[in-house]
There are 2 protein chains.
Amino acid sequence: MGESVKTRLLRANDVRQIAHDVGIDALMDEVIQALSADFGQSVATDQFSVPPRDGFSYEGETTGLVEWMPVLKAGSHVAVKLVGYHPENPRRHGLPTVLSTLLKFDTTSGHLETIADGTLATAIRTGAASAVASQVLAKSNSEQLGLIGAGAQSVTQLHAITRCFPIREVLVFDVDDANSRSFADRASRLNLNGVNIRICPLQDVVSNADILCTVTSVEVGRGPVMQDDQLRSWLHINAVGSDFPGKTELPLSVLEKSFVCPDFPLQAVKEGECQQLAPDDIGASLPEVITDQESFAKYRDQLTVFDSTGFALEDYSVLRVLEAHAQRLQLGEAVELESHLDPHDPYEGVNSVVPTAARLLRQG
Amino acid sequence: MGESVKTRLLRANDVRQIAHDVGIDALMDEVIQALSADFGQSVATDQFSVPPRDGFSYEGETTGLVEWMPVLKAGSHVAVKLVGYHPENPRRHGLPTVLSTLLKFDTTSGHLETIADGTLATAIRTGAASAVASQVLAKSNSEQLGLIGAGAQSVTQLHAITRCFPIREVLVFDVDDANSRSFADRASRLNLNGVNIRICPLQDVVSNADILCTVTSVEVGRGPVMQDDQLRSWLHINAVGSDFPGKTELPLSVLEKSFVCPDFPLQAVKEGECQQLAPDDIGASLPEVITDQESFAKYRDQLTVFDSTGFALEDYSVLRVLEAHAQRLQLGEAVELESHLDPHDPYEGVNSVVPTAARLLRQG
């Protein structure tokens, strides 16, 4: 015993450093590739097991939830994302609404290989998932992108989709004027040369989009966030905001005339747009669609919806991309977190720990 | 945004340092107290929610599992223990069979407050749980303690029970001679003055114990680990080893004539000795028993079994004890793990991360 096996700690700042060093365009492209590859693997083999996420939600003095999103890649790894969702964080604590941490365990020993902040990773993989879905379900010459909701996730939706389509115009609507006003500024980090970003009324967004992303934090029971009015007949919608029981963004009539492709059916029927549909009205899942693109190519000219609830396989995909770069760039800290002493002797080492004087040096 | 809220990282060595500074006797006493208090709270109020643990188990090239054990204390915290169980670790990787990590989240914001190695914490809380059960179900003047199985968990069983009973003799049996031989050495860290530790045949352990702990890693379907032969009529058994479907340690006949008290009934019927029993043959849970000790006092003179599967509430109890000491002793490292930047702008900070030169300094 006693072999030192360390845990790589990727702080939020390390993840940003990876994005900086790799470049956000190259990183997004890689995550789009990784998602496609892992989605394909998940259908072609039995390698991945993904239970629906579970957690504790509560109301009262604080409304929120803490949940866990586990995935097994057989013979390889278990990844678990722990997610906190607390809508009053910005106002009450000056903290983001969503905080998340990614953990990855080696299944040959159970060793915790990696602990990583999940914020940027989640935003990137959620954008990438919409890009993957749009690549197979939207017109390849789509030029107009609509965004309903202009928060954080909209930035990575825009980013991911402009990596895959010749977008010339982005039409943006948010119920919150401050979000709308700041959006162009936030999007300016994306180096979108020749792309015109226009804040406009909701109906203009809806009726002029080739691809539309709904990325709102609409409250439970308060949807839909748009009307079924003058949609382009080939419109592809990425419905990203639905991720909670009772929370939906799209009118039922749109869903009923669309090919609806959930990311993860077991979860989408509980938390996504698929809550509104009977099982027979739900199409193939995204992993199935990308595995058999020819059969689904006909939908590019039709109304389609990607029901994106976000699932653990995507977190695994983005984490493996980030880890590979962290390894290459020597980013993150290797910490001796786990006890690897003689497992028969729980108190071993208690009498020989490093002296107290060394402690304060490690205070962050 | 941007308020710095850090995560306390308690490495295995920090936990050992706490045990060293506090003293293992005082620490065990505190954990016994904390468990009793939290068990009581869990019955008296609706504060705690504990789902049965869940996870991925696999066989093939590697046999093992990775599981998660979550608990909510309403209005306060969520704690999750991630556990890896890989029986071939010692032989193949020079690592312990069980590795575990404790996480604790603040439910007012979802902030990850603490990451701690779970090895010593688990051993201590498992011992403490048996002490709590024995205090209410065993004869208070018990002098002879039997241990079947002499691995790591036996050390903390012995430790916890000697903190609460006037034990004079410890009778030990293990199918593995190496475990038996090394036990006295490992137990010598406990400063058990006047306690005689004797390795002896299984039947001597069984028939001479006032309190008996079964702490084996018997394989699924290979139990029981003892016979129903010449048990003292007041014997209290802590059945600690059952923690997996199909794995049991006690003969059915012993269970049938005993008052059987599970730690966590929902889990015990799946993984514990209670697997062998019909619902009507299962007694009150340990939290219920300690809440109404008078009603259960009569069982001190009778045959009783504590069916200990280990559950997340216990992990919460030991973690809060460790954290309080870490705080007081300024142990552990405060790391800026989570992103607390503007949540509307996922790529914020990517262009202004600390320069590359600073990186290697943080390599452990």
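Look above for the structure.
Within every chain, residues take consecutive numbers counted from 1 along the sequence as written. As they are written, the chains are lettered A onward and the ligands numbered 1 onward, keeping that order. It should be noted that, the model being predicted, local features are given only for residues of pLDDT at least 70 and side-chain atom pairs only at 80 or more, the latter also being counted only at that level, while totals for whole chains, interfaces and linings use all residues. Excluding hydrogens and water, the side-chain values take into account all heavy atoms of the structure.

J.: Give a detailed account of the overall build of chain A, specifying residues and quantitative values.
T.: Numbering goes from the N terminus for both helices and strands, where a helix is a DSSP run of H or I of at least four residues and a strand is a run of E of at least two. A count of helices and strands for chain A gives twelve helices and 15 strands. Computed over its C-alpha atoms, the radius of gyration of chain A comes to 22 Å, within 12% of the 21 Å expected for a compact globule of 364 residues. C-alpha atoms of chain A, sized along the principal axes, occupy 75 × 45 × 45 Å. Burial classes follow relative accessibility: with a 1.4 Å probe on protein chains only, a residue under 20% of its type's maximum area counts as buried, one over 50% as exposed, and anything between as partly exposed. Within the span of chain A, comprising 364 residues, buried residues form 60% of the whole. In what follows, residue pairs with any heavy atoms lying within 4.5 Å of each other are defined as contacts. Within chain A, contacts between residues separated by at least 24 positions form 73% of all contacts whose residues are at least 6 apart in sequence. In the form shown here, chain A has an accessible surface area of approximately 13,500 Å², with 47% of it arising from carbon and sulfur atoms. Put simply, chain A has 29 plus and 49 minus side-chain charges, and the middle of one group is 5 Å from the middle of the other. Two things to know: the radius of gyration comes from C-alpha atoms, and the globule rule equals 2.2 Å times the number of residues to the power 0.38. In short, Shrake-Rupley with a 1.4 Å probe defines the accessible areas, and a residue's cover is counted only from the protein chains shown. Neither His nor the chain termini are counted; the positive set is Lys and Arg, and the negative set is Asp and Glu. To locate a charge, take atom NZ for lysine, CZ for arginine, CG for aspartate or CD for glutamate.

J.: With reference to specific residues and values, describe the packing of helix 2 (residues 24–44) of chain A against helix 12 (residues 312–329) of chain A.
T.: Residue and element names in this part refer to chain A. Note on geometry: axes are C-alpha line fits, over the in-contact stretch for helices, and angles between N-to-C directions span 0 to 180 degrees. Here helix 2 crosses helix 12 at 130°, and the two axes come no closer than 9 Å. Accordingly, the angle class assigned to the pair helix 2 and helix 12 is oblique. Considering only the axes of helix 2 and helix 12, their crossing is right-handed. Between helix 2 and helix 12, the residues in contact are Leu-27, Glu-30, Val-31, Ala-34, Leu-35, Ala-37, Asp-38, Phe-39 and Ser-42 and Leu-313, Glu-314, Tyr-316, Ser-317, Val-318, Arg-320, Val-321, Leu-322 and His-325, respectively. Each residue is assigned to one of three groups, with Ala, Val, Leu, Ile, Met, Phe, Trp, Tyr, Cys and Pro labelled nonpolar, Asp, Glu, Lys and Arg labelled charged, and all others, Gly among them, labelled polar. Its residues assigned to classes, the contact of helix 2 with helix 12 comprises eleven nonpolar, three polar and four charged. Each angle receives one of four descriptions, namely roughly parallel if under 35 degrees, roughly antiparallel if over 145, roughly perpendicular if within 65 to 115, and oblique otherwise. The sense of a crossing depends on the near helix, which, turned anticlockwise from the far helix by less than a right angle, makes the crossing left-handed and, turned clockwise, makes it right-handed.

J.: How would you summarise the sheet that holds strand 10 (residues 196–199) of chain A if you had to cite specific residues and measurements?
T.: Residue and element names in this part refer to chain A. Two strands form a pair only when DSSP identifies at least two bridges running between them. If you trace the seven strands from one edge of the open sheet to the other, you get 10-9-8-11-12-14-13, paired in parallel fashion. A strand with exactly one partner marks an edge of an open sheet, and here the two such strands are strand 10 and strand 13 (259–262). For this sheet, the mean inter-axis angle between neighbouring strands, taken without regard to orientation, is 15°. Alignment of strand 8 (residues 144–148) against strand 11 (residues 211–214), held across four bridges, turns out to be parallel. Each residue of the ladder has a partner; that of Ile-148, found in strand 11, is Thr-214. Contacting strand 8, strand 9 (169–173), strand 10, strand 11 and strand 12 (236–239), helix 5 (residues 152–162) crosses the sheet at an angle of about 165° to strand 8. In the packing of helix 6 (residues 177–187) onto the sheet, contacts are made with strand 8, strand 9 and strand 10, and the angle to strand 10 comes to roughly 165°.

J.: Give a description of the pairing of strand 4 (residues 64–73) of chain B that names residues and reports values.
T.: All names here are of chain B. Across the ten residues that make up strand 4, a large majority, ten, are buried. With burial as the criterion, each face of strand 4 is covered, one bearing Gly-64, Val-66, Trp-68, Pro-70 and Leu-72 and the other bearing Leu-65, Glu-67, Met-69, Val-71 and Lys-73. Judged from the two bridges that link them, strand 2 (residues 48–49) and strand 4 form a sheet pairing that is antiparallel. Counted as the bridge partner of Ser-49 is Leu-72 from strand 4. Pairing between strand 3 (residues 54–58) and strand 4: five bridges, direction antiparallel. Bridged to Asp-54 within strand 4 is Trp-68. The antiparallel hairpin formed by strand 3 and strand 4 contains five residues in its connecting segment, where Gly-60 sits at a positive phi of about 125°. The hairpin turn running from strand 4 into strand 5 (residues 77–85), its antiparallel successor, is three residues long, and Gly-75 in that turn takes a positive phi close to 75°.

J.: Can you lay out the pairing of strand 7 (residues 112–117) of chain B for me, pointing to particular residues and giving the numbers?
T.: Residue and element names in this part refer to chain B. Across the six residues of strand 7, five count as buried, placing the element largely inside the fold. Relative to strand 7, strand 1 (residues 7–10) runs parallel, the two being bridged by three bridges. Note that in strand 7 the partner of Leu-9 across the bridge is Ile-115. Alignment of strand 6 (residues 98–106) against strand 7, held across five bridges, turns out to be antiparallel. Bridging across to strand 7, Phe-105 finds its partner in Leu-112. Hairpin connection, strand 6 to strand 7: the antiparallel pair is bridged by five residues, and Gly-110 has positive phi, about 80°.

J.: Could you give an account of the pattern of salt bridges, with specific residues and numbers?
T.: Opposite charge on two side chains permits them to pair, given that their charged atoms come into close proximity. For this analysis, a salt bridge means a side-chain nitrogen from Lys or Arg found within 4 Å of a carboxyl oxygen belonging to Asp or Glu. In the structure shown here, the tally under the stated rule is 40 salt bridges over all chains. Taking the shortest distance from any N to any O, the salt bridge between Lys-257 of chain A and Asp-228 of chain A comes out at 2.8 Å. Placement of Lys-257 of chain A in helix 8 (residues 252–257) and of Asp-228 of chain A in the loop between strand 11 and strand 12 is noted, with a sequence separation of 29 residues between them. What makes Asp-228 of chain A partly exposed here is its relative accessible area of 28%. A salt bridge links Glu-169 of chain B to Arg-198 of chain B; the nearest nitrogen and oxygen atoms lie 3.1 Å apart. Of this pair, Glu-169 of chain B sits in strand 9 (residues 169–173) while Arg-198 of chain B is found in strand 10 (residues 196–199), placing the two residues 29 residues apart along the sequence. Judged by relative accessible area, Glu-169 of chain B falls into the buried class, the value being 16%.

J.: Hey, could you go over helix 1 (residues 12–22) of chain A for me, with residue numbers and the actual values?
T.: Residues separated by three or four positions in an α-helix point in the same direction, a consequence of the helix having 3.6 residues per turn. Residues and elements named next belong to chain A. The buried count for helix 1 comes to eight of eleven residues, which makes it a mostly enclosed element. For helix 1, the full list of buried residues reads Ala-12, Asp-14, Val-15, Arg-16, Gln-17, Ile-18, Ala-19 and Val-22. A positive phi of about 95° marks Gly-23, the residue just after helix 1.

J.: For the relation of the copies chain B and chain A, give the residues involved together with the corresponding values.
T.: Its rotation angle being 180°, the transformation that places chain B on chain A also includes 0.0 Å of axial translation and leaves an RMSD of 0.0 Å. The two molecules are tied by a two-fold rotation axis, judged by turn and shift. Minimal C-alpha separation from the rotation axis in chain B is found for Trp-68 of chain B, amounting to 4.4 Å. We place the copies in one frame by least squares, fitting the C-alpha atoms of every residue whose pLDDT is at least 70 in both.

J.: Give a description of the side chain of Gln-267 of chain A that names residues and reports values.
T.: Residues and elements named next belong to chain A. Looking at the secondary structure, you find Gln-267 in helix 9 (residues 265–271). A polar contact of 2.9 Å, which involves the side chain of Gln-267, links it to the side chain of Thr-309. The contact partners of Gln-267, leaving out residues within four places of it in the chain, are Pro-52, Arg-53, Gly-272, Thr-309, Gly-310 and Phe-311. Under the rule applied, a polar contact is a pair of N or O atoms within 3.5 Å (in protein, one hydrogen donor and one hydrogen acceptor; residues adjacent in sequence only if both atoms are side-chain atoms).

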